[in-house]
Amino acid sequence: AQVEKVLQMAQIDKDEFTLKLVDVNLHDVIQQAVENIGLQVEKRGGVATAEMKATKPIVEGDMTHISNVISNLLDNANKYSPENPEISVHTRNVTNGVEVIVKDKGMGMTAEDRKHIFDKFYRVHTGNLHDVKGFGLGLSYVKALMTAHKGQVDVKSELGKGSSFRLFFPFKVNV
């Protein structure tokens, strides 16, 4: 899976990929992703919830990539949370699209980390926690795919208090 990610990122870097655009119901994608991560989170005494307030949740996008983006953020929220993770996903309509916010009450990150987390291979230092696995490709993938979808991603985070990733998906990719 990690090799596949590296190869996929190489294609994305070279713009050698095309989005298979279809109508994507973000609420369906989020519900599925929250159910999937929910099992892992519950094993750790935590909870994953979804609060879907977007009245128009359908956007033009690549179903596989959008699913990966959401799953990736939920996976990170779980990985970087201590025991009893509290993860939530919120949606709402904003001008020309849908905003999705993935929040956790995990370890959070410094201002310096926030500057680099979308860089390829960058990993937040976790002190003595060697249980956080990965190559640091997840968030660079999220950023690349949000850009490809003409959307945005940004983060708010405070060390020791958790992180909040905001995604903006436009209704149409090619306006």
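Here, every reference points to the structure presented above.
We now turn to the structure provided with this report. Bear in mind the structure is a predicted one, so any value in this text is a computation, not a measurement.

### Comments concerning the nonpolar core
I70, L74, V100, F165 and L167 are the most contacted members of the largest nonpolar core, which totals 37 residues. Looking at this core, the elements that each hand over two or more residues are α2 (26-43), α3 (63-79), β4 (86-94), β5 (97-104), α5 (138-148), β6 (152-158) and β7 (162-170). Looking at which element gives the most residues to this core, the answer is α2, with 7 residues.

### A look at the packing of aromatic side chains
Following the criterion strictly, the structure yields 1 aromatic pair and no others. Aromatic pair F118 and F165: ring centres 6.4 Å apart, planes at 90°, arrangement edge-to-face. One end of the pair, F118, is in the loop between α4 (111-116) and α5; the other, F165, is in strand β7, with 47 residues separating them in the sequence. Note on F165: relative accessible area 7%, which makes it buried.

### Side note on the packing of α2 against α3
Look at α2 against α3: their axes get within 9 Å of each other, and the N-to-C directions meet at 35°. Relative to α3, α2 is oriented so that their crossing is right-handed. In this structure, α2 uses L26, V29, I30, A33, V34, I37, Q40 and V41 to contact α3, whose residues at the interface are M63, I66, S67, I70, S71, L74, D75 and N78. Of the residues contributing to the contact of α2 with α3, the split by class is 11 nonpolar, 4 polar and 1 charged.

### Things to note about the pattern of salt bridges
Tallied over the full model, the rule gives 7 salt bridges. Ionic pairing is found between K115 and E112, a salt bridge with its closest N-O pair at 3.1 Å. One end of the pair, K115, and the other, E112, are both in helix α4, 3 residues apart, so they sit about a helical turn from each other. Within this structure, R92, E99, D154 and R166 form a network of salt bridges that share partners.

### Some points on unusual backbone geometry
Across the chain, the bulk of peptide bonds are trans and the bulk of non-glycine residues have phi less than zero. You will see that N84, though not glycine, has its phi angle at about 55°, which is positive. Along the polypeptide, N84 turns up in the loop between α3 and β4. Unusually for a residue other than glycine, K150 sits at a positive phi of about 60°.

About the criteria used
- Residues numbered from 1 in each chain as written.
- Predicted model: local features only at pLDDT ≥ 70, side-chain atom pairs only at ≥ 80, totals over all residues.
- Heavy atoms only, no water.
- Core = buried A, V, L, I, M, F, W, Y, C linked by side-chain atoms within 4.5 Å.
- Buried < 20%, exposed > 50% of the residue type's maximum accessible area, 1.4 Å probe, protein only.
- Helix = DSSP H or I, 4+ residues; strand = E, 2+ residues; numbered from the N terminus.
- Phe/Tyr/Trp six-rings, centres within 6.5 Å; stacked < 30°, edge-to-face > 60°.
- Axes fitted to C-alpha atoms, helices over the stretch in contact; angles between N-to-C directions.
- Left-handed = near helix turned anticlockwise from the far one by under 90°.
- Contact = heavy atoms within 4.5 Å.
- Nonpolar A, V, L, I, M, F, W, Y, C, P; charged D, E, K, R; others polar.
- Salt bridge = Lys/Arg side-chain N within 4 Å of Asp/Glu carboxyl O.

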